[in-house]
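Architecture and fold: a report
Each chain, written out:
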Amino acid sequence: MTTAVEHVDVLIVGAGLSGIGAACHLGRAFPQRSYLLLESRAALGGTWDLFRYPGIRSDSDMYTLGYRFKPWLGDESIADGSAILDYLRQTAAEYGVDRRIRFQHRVIRAEWSSADNHWTVSAERVDTGESVTFTAGFLFSCSGYYRYDTGYTPEFSGAERFAGVIVHPQFWPEELDCAGKRVVLIGSGATAVTLAPALTAQGAQVTMLQRSPSYIVSAPARDRLALTARRFLPPRAAYMLARAEYVAISTAVYQLSRRSPAGMRKRIRGWQQRWLPAGYDIDTHFTPRYNPWDQRLCLARDGDFFRAIRHGLLDVVTDRIETFTETGLRVASGSTLEADVVITATGLNLQVFGGVELIVDGVPVQPSATMAYKAMMLSGVPNFAFVIGYTNASWTLKADLVSEYVVRLLKHMDQRGYGRCVPVRDPAVGAESLFPGFTPGYVRRAASLFPVQGDRAPWRLRMNYLRDVFTLRYGRIADRAMRFERARRPAPVGSAD
C-alpha cells in the first residue's frame, strides 16, 4: 500500500537529541516554513529512550549536553538517562516539535532530482509495513551514527555452553534482576564504567573483565558554581555561565592531553592513587596503552566506580577470554570467573546516516567516496546536511552549531533566490580519515564507511568547539567550495568525486 506524497520545506531524519534540537532551531528561525521529523522508533529521545540498562546517564556534563537555547535546570550536572529523556520531551513539547514527528517511519532511501530541485524520500511504516513517500527541499540527517538494531558482540568460544544469562546492555531485559547474583561484566568503556557501580548498588557482586584498560576519572554529579550562580542570576545567565565553565575545562583538558600526553597520564595516575585502595595495581588495570583522549575519558560519577572497588563490591580483572564454561568464563591466565549473569558491554556498531541510501540524479552516493564539507555536508550532494558530534566534548555542542549553520544557510539562499547549494570538491585537497587520532574499536571497525575529510578548510574537521563557533556561527556562508544555483537548472553533481 502507498499513500499520497507529502511535501515539506525541510525533512529531518531522527527525533533524538540532534533532531529535536534541529527542529527547534528551524521553528524559531522560520515560523512559516514546513518541516517534519521521521523517527523509526515509537518514541522520541533516540539513545536516551533506547538504552535502559541500570545507571544509564550522561557521559558529559548537562550544561553542554543541553541545548544552548534551553537551559538545563536539573540539579545534577551528570544526569540520569530518565532525566535527560524528560528534558528532551519538555523541549519538544515547548517548541511544538512533538506535533511534527512521524513515529515508526524508517527512512529507506532519499533521491535528489536536480530537475525537480527536491528530495524524494521513501520510508516504511515499521508498525504496518506501509510505504510512505515525502518530498523535501532540504534533507537534514540527525540519526547519529549508532545502529539501534544491533550491538557489537565478538564471537566468544563456548558461549553456547554457559548455563546463565548473557545480556548486551543495548537490549537490557526489563525483568532481569541481578541482586545477589555473580555478574561478569565484559568491557572497559563508558557503559561498563556506568553499569558496574549501578549493579553493585542493586546487590550484585561484580567482576569487570577487560582485555585492556581505559582511562577512568571521577567527576562530580553536581557543580557548585552552577548551583550557586542560580541563586543570584536569572536561569539563562546561570546556565550560560556553567556552560562556559565546562567548555573551558573540557577544551583545556583535551589540549593538555594532546600537547603533553605524558603529563596528563601522570596527572590521571595521581588522581587514581587517591581514589583506589593503597597498593592497588594501577599499572595493570588502569594504565591504557594509548594516550589520554585517543579515546574518550570514562567518567565515574562522584567516584562511584572507585568507591565500589574500595568497598570490595567490584573486582577488575585484566585478561583475555579463553572460553565460556557452563558456570562462567575461563581466561588466558588459567583462572575461572564464576558467573550467574554475563554482560557483554563490548561496544556498538556504527552506520552512516541511519543506513539511508542516498541517490543524486540517479547515481547512488557512496559516503566514503565523498568529502565532508565543514564536517556537516557532503561534496556533490545538494541541499543535504548531517550531524556528527564531537568525540572530545558533548555531542550537543556540535549539533547546535550545525543547526545554527543550516538556519544561516537557508536564510542566505532565501535572500538571494537560490534553490540549491552543493559543496564542490577540489581535487587538490588531500583526503584523510574523518576521525584521525580517535581510536576506539567501534570507530576503527566502521571508519571506512564514513566520508573523508580534507587537509585544509573548509574540508578539515576540527574537534575544537571554540574555533567552530567562529566558523559555523559567524563565518561566511559563501566560499569557493560552496556552489549556489537557482532552481531548475541542472547541476553537474559528483563530477569531481
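What you see is a predicted model; the values in this text were computed from it and never measured.

Take the sheet that holds strand E16 (residues 336-338) next. Either a parallel or an antiparallel arrangement is found when strands of a sheet pair, and the pairing is made through backbone hydrogen bonds. Taking strand neighbours across the sheet as the criterion, the three strands line up as E14-E15-E16 in an open arrangement whose pairing is antiparallel. Looking at the sheet topology across the chains shown, the edges are occupied by strand E14 (321-324) and E16. Averaged over all pairs of adjacent strands, the angle between their axes in this sheet comes to 25 degrees, without regard to strand direction. Of the pairings in the sheet, the one linking strand E15 (residues 328-331) to E16 comprises three bridges and is antiparallel in character. Paired with Gly328 across the strands is Glu338, a residue of E16.

Attention now goes to a positive patch on the surface. A grouping of Arg211, Arg289, Arg444 and Arg445 is seen on the molecular surface, where their side chains present a positively charged patch. Residue position: Arg445 is located in helix H12 (residues 441-446).

One pass over the full model with this rule turns up zero disulfides. With no disulfide of its own, Cys421 lies closest to Cys142 among cysteine sulfurs, the gap being 15 Å. Under the relative-accessibility criterion, Cys421 is labelled buried at 0%.

Attention now goes to helix H8 (residues 261-275). Counted at 1.5 Å a residue, the expected span for H8 with its 15 residues is 21 Å, and the 21 Å between its end C-alpha atoms agrees. Three or more residues of H8 are buried, namely Met264, Ile268, Gln272 and Trp275. Buried residues of H8, seen end-on, are gathered within an arc of 75 degrees and therefore sit on one face of the element. Residues of H8 that are exposed and point over 90 degrees away from its buried face: Ala262, Lys266 and Arg274. Looking at the buried side of H8, the elements it contacts are strand E11 (216-219), helix H7 (235-259), helix H9 (282-285) and helix H10 (304-310).

What follows is about H7. With 25 residues, H7 ought to run about 36 Å at 1.5 Å a step, and its terminal C-alpha atoms sit 36 Å apart, in line with that. Among the residues of H7, Ala238, Tyr239, Ala242, Arg243, Glu245, Tyr246, Val247, Thr251, Tyr254 and Ser257 are the ones counted as buried. Of the surrounding elements, those touching the buried residues of H7 are helix H3 (62-65), helix H4 (81-94), helix H6 (224-232), H8, helix H11 (395-416) and helix H13 (465-474).

Below, the discussion takes up the sheet that holds strand E17 (residues 341-344). Spatial ordering of the open sheet is given by E8-E17-E9-E10-E13, a layout of five strands whose pairing is parallel. A strand with exactly one partner marks an edge of an open sheet, and here the two such strands are strand E8 (165-167) and strand E13 (314-318). Taking each pair of neighbouring strands and ignoring which way they run, the sheet shows an average axis angle of 20 degrees. Looking at chain direction, strand E9 (residues 182-186) and strand E10 (residues 205-210) are connected through five bridges and run parallel.

With that out of the way, let us pick up the nonpolar core. Counting residues in each nonpolar core, the largest one holds 150 residues, and the members touching the most others are Ile12, Trp119, Phe140, Phe305 and Leu358. If one sorts the elements of this core by residue count, H11 sits on top with 11 residues. Not counting chain neighbours up to four residues away, the residues in contact with Leu358 comprise Ala110, Trp119, Leu139, Phe353, Val363, Pro364, Val365, Leu378 and Phe384.

Of the residues in the chain, 97% reach a pLDDT of 70 or more, and the chain-wide mean stands at 93. The low-confidence segment residues 489-497, where pLDDT is below 50, has 20 contacts with residues more than four positions distant or belonging to other chains.

Conventions and cut-offs
- Residues numbered from 1 in each chain as written.
- Predicted model: local features only at pLDDT ≥ 70, side-chain atom pairs only at ≥ 80, totals over all residues.
- Heavy atoms only, no water.
- Pairing = 2+ DSSP bridges.
- Helix = DSSP H or I, 4+ residues; strand = E, 2+ residues; numbered from the N terminus.
- Axes fitted to C-alpha atoms, helices over the stretch in contact; angles between N-to-C directions.
- Patch = residues over 30% accessible without salt bridge, like charges linked within 9 Å, V, L, I, M, F, W, Y side chains within 5 Å.
- Areas by Shrake-Rupley, 256 points an atom, 1.4 Å probe, with all protein chains shown as cover.
- Salt bridge = Lys/Arg side-chain N within 4 Å of Asp/Glu carboxyl O.
- Lys, Arg positive; Asp, Glu negative; His and termini not counted.
- Charge placed at Lys NZ, Arg CZ, Asp CG, Glu CD.
- Disulfide = S-S within 2.5 Å.
- Buried < 20%, exposed > 50% of the residue type's maximum accessible area, 1.4 Å probe, protein only.
- Expected span 1.5 Å × (residues − 1).
- Arc of directions from axis to C-beta.
- Contact = heavy atoms within 4.5 Å.
- Core = buried A, V, L, I, M, F, W, Y, C linked by side-chain atoms within 4.5 Å.
- pLDDT = per-residue confidence, 0-100.

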